[in-house]
Amino acid sequence: MLSQMWHELWLLIFVVLTLIGIFTGEGLLIGFSVMGLLVVGTARLWNKVSLEDVTYQREFSQRRVFIGETATLSITLTNRKPLPLGRVRIEDELPACMSLDGGDVVGSPNPEGQTLRHSTSMSWYERVRWTYQFQCNRRGFFRVGPSNLRSGDLLGFFSSESEQLDRDYVLVYPRIVSLPEIGMPAARPLGETRGGIRIYEDMSRPMGLRDYQVGDPLKTVDWKNTARMQELQVRTYEPSSSMTVVLAVAVDTMAHTWEGYSAIHLERIITAAASLAVYASERQYNLGLFSNGTPVLADRPMKIAPSQSPEQLTIILEALASIRPLPMGSISGQLAQQWRRFPLGATVVVILSLLTDDLPQIIEDMRTHGYKLVVVYVGDDDCPPMPEGIILHEIGNSFEGMEFAEQRHSRRFAAMTTDGDVP
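Residues numbered from 1 in each chain as written. Predicted model: local features only at pLDDT ≥ 70, side-chain atom pairs only at ≥ 80, totals over all residues. Heavy atoms only, no water.

A. Seen up close, helix H4 (residues 263-282). Between its first and last C-alpha atoms H4 spans 29 Å; for 20 residues at 1.5 Å apiece the expected length is 28 Å, and the two agree. Most of H4 sits out of view: 15 of its 20 residues are buried. Directly after H4, the chain includes Gln284, whose backbone phi takes a positive value near 60°. (Helix = DSSP H or I, 4+ residues; strand = E, 2+ residues; numbered from the N terminus. Expected span 1.5 Å × (residues − 1). Buried < 20%, exposed > 50% of the residue type's maximum accessible area, 1.4 Å probe, protein only.)

Encoded structure:
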């Protein structure tokens with residue numbers, strides 16, 4: 001800013017010197033001042049148009065990645081005018097969890113971000129491209145940008161800035177581990193796998209037609225065949241034969257909201273839920289999700305209806321990746337309001353690290369109404385007693401062992417890097 005003021009002052013000085021030369025009749029002074037005005041004026045005009053028709057573009061090989069997965073970020077800077085640029089400096093905001101291979105990355109005022117810097121010169125109609133390999137070490141929904149471009153005239157007298165408000169995003173899926181790794185049996189972790197109950201019809205499996213009977217819902221009436229046969233006909237469906245699993249993900253990690261949250265316990269919950277979602281999807285179960293957490297781009301608890309569609313696992317993993325750390329109401333209160341809307345005969349897997357006093361009674365009510373209950377407890381302490389007939393998996397110790405192994409590996413790698421002996 002100070003240098004810019006000095007350059008503006010030089011322009012004023014040349015104007016004053018020109019006027020003095022005119023009034024005194026000094027031709028040499030007039031010539032010198034006019035040359036100075038031409039140089040400074042040209043530099044000023046050059047600076048004014050330096051960032052016009054200059055575009056900055058990011059391109060990700062994939063915007064959805066898993067933790068530790070390598071992807072590619074390509075950055076393209078294009079000068080679309082017949083005017084060269086002596087220097088272009090770019091600063092782009094990246095999430096702190098993203099590590100780039102070979103990028104000039106420095107700290108950012110944003111504690112959750114970092115700044116990627118570029119500096120180059122450009123001729124007319126030139127395009128410059130940088131390509132980086134990157135990895136993310138934390139799940140979540142992360143925004144990339146905005147970027148700031150800075151350039152000026154060839155002599156460096158003036159400079160101008162332009163903020164590119166276009167933003168990209170990267171979604172990092174939760175960590176997926178095998179069930180034995182987190183302390184759950186690989187065989188029948190949800191108990192018996194007999195699917196559904198006979199009185200629950202699968203609307204995706206039509207079986208035939210029959211005459212209408214009192215009490216049949218109108219949505220099952222086949223109006224086309226009714227008109228043809230002049231008698232009310234209803235569609236019939238085969239009974240449900242596949243197992244339905246609803247993951248009830250409790251993001252409560254502290255007894256009171258004002259206490260904040262436990263990042264360690266929250267990641268245990270999300271990892272366990274994502275791993276169970278993959279397990280259920282591989283066995284082609286009807287899979288659904290319910291949580292008292294909210295996604296980043298919404299302001300209400302998550303509810304994803306059970307489905308066997310090929311996209312269901314991706315939808316659930318995206319929801320778990322973007323879940324916020326603080327709950328919208330307790331899981332016991334949310335379950336008390338919503339469990340009657342779960343498909344009849346479903347297996348409800350409650351994943352939590354904190355068990356409130358009223359939750360066991362809600363779980364018992366669900367069990368007595370025909371639901372199968374599985375509780376996955378990831379807390380450090382022993383889980384309080386559960387009602388009879390509830391399948392309980394206490395896997396906090398397994399997570400603690402995994403976390404200790406990861407910390408030891410990180411410390412060892414950091415020490416080897418410091419010593420210059422990187423494998």
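B. Up close: the sheet that holds strand S1 (residues 54-60). The sheet built from 4 strands is open, its strands ordered S1-S3-S8-S5 with antiparallel pairing. Both edges of this open sheet fall to S1 and strand S5 (98-100), since each of them pairs with a single strand only. In this sheet, adjacent strand axes meet at a mean angle of 30° when their direction is disregarded. Across 3 bridges, S5 lies against strand S8 (residues 127-136) in antiparallel orientation. Note on S8: the bridge partner recorded for Ser99 is Gln135. (Pairing = 2+ DSSP bridges. Axes fitted to C-alpha atoms, helices over the stretch in contact; angles between N-to-C directions.)

C. Unusual backbone geometry, seen in detail. In this structure, the amide linkage connecting Gly145 to the following residue, Pro146, adopts the cis form with an omega of 5°. One can find Pro146 in the loop between strand S9 (140-144) and strand S10 (147-152). A positive phi angle is found at Tyr125, which is not glycine, with a value near 50°. Phi is positive for Gln230, which is not a glycine, with a value near 60°. Among the structural elements, Gln230 can be located in the loop between helix H3 (223-229) and strand S14 (233-239).

D. Layout of the environment of Ile270. Here Ile270 is to be found in helix H4. Under the relative-accessibility criterion, Ile270 is labelled buried at 0%. For the pair formed by Ile270 and Leu320, sequence separation is 50 residues and the distance between their alpha carbons is 6.4 Å. The residues touching Ile270, leaving out its near neighbours within four places in the chain, are Arg139, Pro174, Val249, Leu320 and Ile323. (Contact = heavy atoms within 4.5 Å.)

E. Broad picture of the confidence of the model for the protein. Chain-level pLDDT for the protein is 85 on average; 84% of the residues reach the 70-or-more range. Taken together, the stretch residues 195-200 has pLDDT below 50 and engages in 16 contacts with residues farther than four places along the chain or on a different chain. (pLDDT = per-residue confidence, 0-100.)

F. Representation of the side chain of Gln114 within the structure. Take Gln114: it is sitting in strand S7 (residues 113-122). Under the relative-accessibility criterion, Gln114 is labelled buried at 13%. Here Pro95 takes part through its backbone oxygen, which lies 3.0 Å from a polar atom of the side chain of Gln114. Within polar-contact distance, the side chain of Gln114 engages the backbone oxygen of Met98 at 2.4 Å. Every residue in contact with Gln114, bar those within four places of it in the chain, is listed here: Asp92, Glu93, Leu94, Pro95, Ala96, Met98, Val105, Val106 and Ser108. (Polar contact = N/O pair within 3.5 Å; in protein donor to acceptor, adjacent residues only side chain to side chain.)

G. Inspection of the sheet that holds strand S17 (residues 302-307) at higher detail. Spatially, 6 strands are ordered S17-S16-S15-S18-S19-S20 in an open sheet, and the strand pairing comes out mixed. Pairing within the sheet leaves two strands with one partner each, and these edge strands are S17 and strand S20 (391-394). Sheet twist, expressed as the average angle between the axes of neighbouring strands with direction ignored, equals 15°. Taken together, the 4 bridges between strand S19 (residues 372-377) and S20 define a ladder with parallel strand orientation. Bridge pairing links Val374 to Ile391 in S20. Together, strand S15 (244-249), strand S16 (286-291) and S17 form the strand contacts of helix H5 (residues 312-321), whose direction differs from that of S17 by roughly 165°. Docked against the sheet, helix H7 (residues 359-368) engages strand S18 (347-352) and S19, running at close to 150° with respect to S19.

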